[in-house]
Amino acid sequence: MQETKPFNISKWKVKEAYEKVKANKGTYGVDEQTIEDFEENLNNNLYKIWNRMSSGSYFPKPVRAVTIPKKNGGKRILGIPTIEDRIAQMVTKMYFEPCVEPIFYEDSYGYRPRKSAIQALEITRERCWRKDWVLEFDIKGLFDNIRHDYLIEMVKRHTKEKWIILYIKRWLVAPYQMEDGTIINRTSGTPQGGVISPVLANLFLHYVFDDFMTKQFPSIPWVRYADDGIAHCTSLKQAKYLQRMIEERFRKFGLELNLEKTRIVYCKDED
């Protein structure tokens, strides 16, 4: 007899999601289960994920917080979900990413299918021949500071699937489990290290930056790679004005520029 569930999720997608997670070779989450452990009872484990996701009873475990050093001497927290949660996030990504990919702009290069940092550098170099001033900016702690209320509204614009919205909400508030075992509740951000996080970060910045730039400053070409961006300006004055406008725009959405990494550069080539 066919099982009827509130949410229509393909078992084949769950299997495909597991294969993608395995290929990504991530480490274990709070339950310390490795991909090898998961595979010891593979069919049953995949069935459990499908069953819980399809019935609305899937709840993520806390995210394992791992502190890693940054190049500039600071630290950043990577949030590593369990294998099960990574597979569930991959299932959701496989359904949701095709809903938002068509609206993303050509000049957004980070974490996207068939896009790379090399392409972003090439187009930037080419545009430097045409405009002499560049505003380089970096967003401070993007993955920690994305506002959940705005993000969920953006997600709802692009899917009517209740289960996608439901599970994204649950992942956004899944707490961190620190290295000493302490549980820290989260009220903003989407963990860097989560499978669904890059798509959500791109969606957030599509509305906060990409769409804003395209509509408000159509004559200023830009490139964004995740939380780093570049805008090509005709003068120092225009670059300074644009920086003020971007700072103001980001503030409205709970973000701020990392001023240590944000700079205006003169890039005219020698004739």
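Counting of residues starts from 1 at the beginning of each chain's written sequence and follows it residue by residue. Side-chain atom pairs in this predicted model are given and counted only at pLDDT of 80 or more, local residue features only at pLDDT of at least 70, and totals for whole chains, interfaces and linings cover all residues. The basis for every side-chain value is the complete set of non-hydrogen atoms in the structure, without hydrogens or water.

Chemist: Can you tell me about the sheet that holds strand S8 (residues 263–266), naming the residues and giving the values?
Modeler: At least two DSSP bridges between two strands are needed for those strands to be called paired. Helix and strand definitions follow DSSP, with helices as H or I runs of at least four residues and strands as E runs of at least two, each counted in order from the N terminus. Strands sit in the order S6-S7-S3-S8 across an open sheet of 4 strands; the sheet is antiparallel. Of all strands in the sheet, those bounded by a partner on one side alone are strand S6 (222–225) and S8. Averaged over neighbouring strand pairs, the angle between their axes works out to 15 degrees when direction is ignored. Residue contacts are counted whenever heavy atoms from the two residues lie within 4.5 Å of one another. The convention used is that axes are lines fitted to C-alpha atoms, helices contributing only their stretch in contact, and that angles between N-to-C directions extend from 0 to 180 degrees. Packed onto the sheet, helix H5 (residues 117–128) meets strand S3 (133–138), S6 and strand S7 (228–233) and runs at close to 160 degrees relative to S6. Across the face of the sheet, helix H10 (residues 236–252) comes into contact with S3, S7 and S8 while running at roughly 25 degrees to S3.

Chemist: How would you summarise the sheet that holds strand S4 (residues 176–177) if you had to cite specific residues and measurements?
Modeler: Strands sit in the order S2-S1-S4-S5 across an open sheet of 4 strands; the sheet is mixed. Strands with a single pairing partner mark the edges of an open sheet, and in this sheet they are strand S2 (75–80) and strand S5 (183–184). One ladder, built from 2 bridges, connects S4 with S5; its direction is antiparallel. When the sheet's bridge partners are listed, Tyr176 is paired in S5 with Ile184.

Chemist: Report on the pattern of salt bridges, specifying residues and quantitative values.
Modeler: Here, a salt bridge means any side-chain nitrogen of Lys or Arg that lies within 4 Å of a carboxyl oxygen of Asp or Glu. Scanning all chains against the criterion turns up 13 salt bridges. The salt bridge involving Arg147 is made with Asp149; its shortest N-O contact spans 2.5 Å. A 1.4 Å probe rolled over the protein chains alone gives each residue an accessible area, and that area as a share of the maximum for its type sets the label: buried under 20%, exposed over 50%, partly exposed in between. With relative accessibility at 31%, the residue Arg147 sits in the partly exposed group. Where Lys156 meets Glu153, a salt bridge forms, and the shortest distance between an N and an O atom there is 3.8 Å. Of this pair, Lys156 and Glu153 both sit in helix H7 (residues 148–158), separated by 3 residues, roughly a single helical turn. Each member of the salt-bridge network shares a partner with another, and the members are Arg52, Lys61 and Glu84.

Chemist: Could you give an account of a negative patch on the surface, with specific residues and numbers?
Modeler: Note on patches: the residues involved have over 30% relative accessible area and no salt bridge, like charges join within 9 Å, and the nonpolar side chains Val, Leu, Ile, Met, Phe, Trp and Tyr join within 5 Å. Residue-level accessible areas treat just the shown protein chains as cover; the underlying method is Shrake-Rupley with a 1.4 Å probe. The charge count treats Lys and Arg as positive and Asp and Glu as negative. His and the chain ends do not count. The atom standing in for a charge is NZ when the residue is Lys, CZ when it is Arg, CG when it is Asp and CD when it is Glu. On the surface, Asp31, Glu32, Glu36, Asp37 and Glu40 cluster together into a patch of negative charge. Here Asp31 lies in the loop between helix H1 (11–24) and helix H2 (35–39).

Chemist: Describe the packing of aromatic side chains, with residues and values.
Modeler: For Phe, Tyr and Trp, rings pair up if their centres lie within 6.5 Å, where Trp contributes its six-membered ring, and each pair is then called stacked (planes under 30 degrees apart), edge-to-face (over 60) or tilted (otherwise). Under the definition given, this model contains 18 aromatic pairs. Summarising the aromatic geometry, the rings of Tyr47 and Trp50 are spaced 5.6 Å apart at their centres and angled 45 degrees between planes, so their arrangement reads as tilted. With a gap of 3 residues between them, Tyr47 and Trp50 both fall in helix H3 (residues 42–55), about one helical turn apart. Residue classification places Tyr47 among the partly exposed positions, given a relative accessible area of 33%. Under the relative-accessibility criterion, Trp50 is labelled buried at 7%. Pairing Phe137 with Phe209 gives two aromatic rings, centres 4.9 Å apart and planes at 55 degrees, and the pair type is tilted. With Phe137 in strand S3 and Phe209 in helix H9 (residues 197–216), the pair connects residues that are 72 residues apart, well separated along the chain. Judged by relative accessible area, Phe209 falls into the buried class, the value being 1%. Charge-over-ring contacts are defined here by two conditions on Lys NZ or Arg CZ: a distance within 6 Å of the ring centre and an angle within 35 degrees of the ring normal. Just above the ring of Trp50 sits the side chain of Lys11; from NZ or CZ to the centre is 4.4 Å.

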